[in-house]
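Chain by chain, the residues:
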Amino acid sequence: MVRSLGLVLWPDALVADPDGYRAVAENLVRHRTFGSGDSPTAYRPPLYPLLLAPCVALGTASRAAIGVFHVALGLATVWFTGRLGRMCGLGLGAWLAALLVACDPILLAQSTLVMTETLAAFLAIASLYWIAKTGQSGRVCHAIIAGASVGLAILCRPTFLPWACAVAILFVFDKQTARGQARLGLAFAGAVAMVLFPWAARNQIHFGRPIVTTTHGGYTLLLANNPYFYEHLRSAPWGAVWENEALDRQWAAEMPRGSPTDEVRADRMAYAKAFQSIRDEPAMFCYACLVRIGRLFTPLPHQITAQESMARRLLRYAVAAWYAAELALAVYGAVAVARRLLEVDNPPGWFACALLVACFAAVHAVYWTDMRMRAPLMPGIAAFAAAGTMALWDLKHRRKAFLKL
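Model, not experiment: these values are computed from the prediction. (Residues numbered from 1 in each chain as written. Predicted model: local features only at pLDDT ≥ 70, side-chain atom pairs only at ≥ 80, totals over all residues. Heavy atoms only, no water.)

A full pass over the atoms with the stated rule returns 8 salt bridges. Note that Asp 19 is salt-bridged to Arg 44, the shortest N-O span being 3.8 Å. In this pair, Asp 19 is assigned in the loop between helix 1 (2-9) and helix 2 (21-31) and Arg 44 in the loop between strand 2 (39-40) and helix 3 (47-56), connecting sequence segments 25 residues apart. Put simply, Glu 254 and Lys 273 hold a salt bridge, and the shortest N to O gap is 3.1 Å. Linking Glu 254 in helix 13 (residues 245-254) with Lys 273 in helix 14 (residues 261-280), this pair joins segments that are 19 residues apart in sequence. A relative accessible area of 34% places Glu 254 in the partly exposed class. (Salt bridge = Lys/Arg side-chain N within 4 Å of Asp/Glu carboxyl O. Helix = DSSP H or I, 4+ residues; strand = E, 2+ residues; numbered from the N terminus. Buried < 20%, exposed > 50% of the residue type's maximum accessible area, 1.4 Å probe, protein only.)

Attention now moves to the side chain of Thr 215. As for its position among the elements, Thr 215 is in the loop between helix 10 (181-207) and helix 11 (217-224). The buried category is assigned to Thr 215, whose relative accessible area is 5%. A polar atom in the side chain of Thr 215 sits 2.6 Å from the side chain of Glu 263. Excluding anything up to four places from it in sequence, Thr 215 contacts Ala 42, Tyr 43, Glu 263, Val 264 and Asp 267. (Polar contact = N/O pair within 3.5 Å; in protein donor to acceptor, adjacent residues only side chain to side chain. Contact = heavy atoms within 4.5 Å.)

Of note, Gly 151 is situated in helix 8 (residues 140-156). Given the relative accessible area of 0%, Gly 151 is considered buried. Between the C-alpha atom of Gly 151 and that of Val 195, which follows or precedes it by 44 residues, the distance is 5.5 Å. Setting aside its immediate chain neighbours within four residues, Gly 151 contacts Val 192, Val 195 and Leu 196.

All right, on to helix 2 then. Among the residues making up helix 2, those that are buried are Tyr 21, Arg 22, Val 24, Ala 25, Asn 27 and Leu 28. Elements in contact with the buried residues of helix 2: strand 1 (35-36), helix 3 and helix 4 (62-87). The positive-phi residue at the C-terminal boundary of helix 2 is Arg 32, with phi of around 60°.

Structure representation (structure tokens):
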């Protein structure tokens, strides 16, 4: 109901294509090429455009088809959140975690856009569920499903790649799976590799390099680390939104273009320019890392327009109140859960949730970041928030019981 109402009531839902995913999907349908015309690209991760292709093939009904697709992903995300909560011992708190995900402002807003956040959130919580299931059962088949889920998540958003490595290590050292440490870790890692292999092989054929992520990483790093942005951090008022037109003009003039391999050269050039900015101003880079982490977890959405209406301002403050409460409960829940993480009977679901948050924070401390990029973390954060709520509830009842003595 929540996601469907959001799509119906939002006036421009699923119209814009800010990152060009629908354009790639349309090109797949028309030219049978993942790119533009007959020119292949690896600039965007492949999974979301591949899943959009059947929707855009419906022509005038494509917008409705994408809406149904997003609502289905939202429903599955809520279901997996509840199942993970039950598996990790939340009891009735699993219902609260699912409700928080169903009404989450970021996930609701992103479900109205043709962008990867809705799919990424689903793959994140599905992966967490199967990781927890593997730790609980110790079965290789579950490790393979978990690895395949994480591999698909990487093909949706490359930020999941460091997490995949961390989870493989988690399986090796988890006490719950002590009898099959290497077996489960290898099964998980092998499944991740098998899912990524076709994309890497395709890129080897077209670009001469087995790219397992995208050729967009260099620009994303440059966007977060360049003299214009550093100067903005030095001189602009706190909270002001940086406009990157000057960087884009400079990059458009310098970027190599023409042959498909120029896309790889441009990616390397962007990385080189970003690393040069970091070397030139290491102190500002460290400060920018803190700013980016703050932007990733900020409760308050940025003011987009200078002339903001009162209704939009109140909406932003309401979102800030929601996230301030949820993030505070999540921190309290993480502390409460940490006391039980080393118990033998505890599945690795909580470990995997914490690793996911840590890996995303580490990546987005360096690369470009805004509030929406924490969308894949929200199901896991909701689980921690539910754990915090249940811990507060138990604390309240323990105090009442003590007063009655």
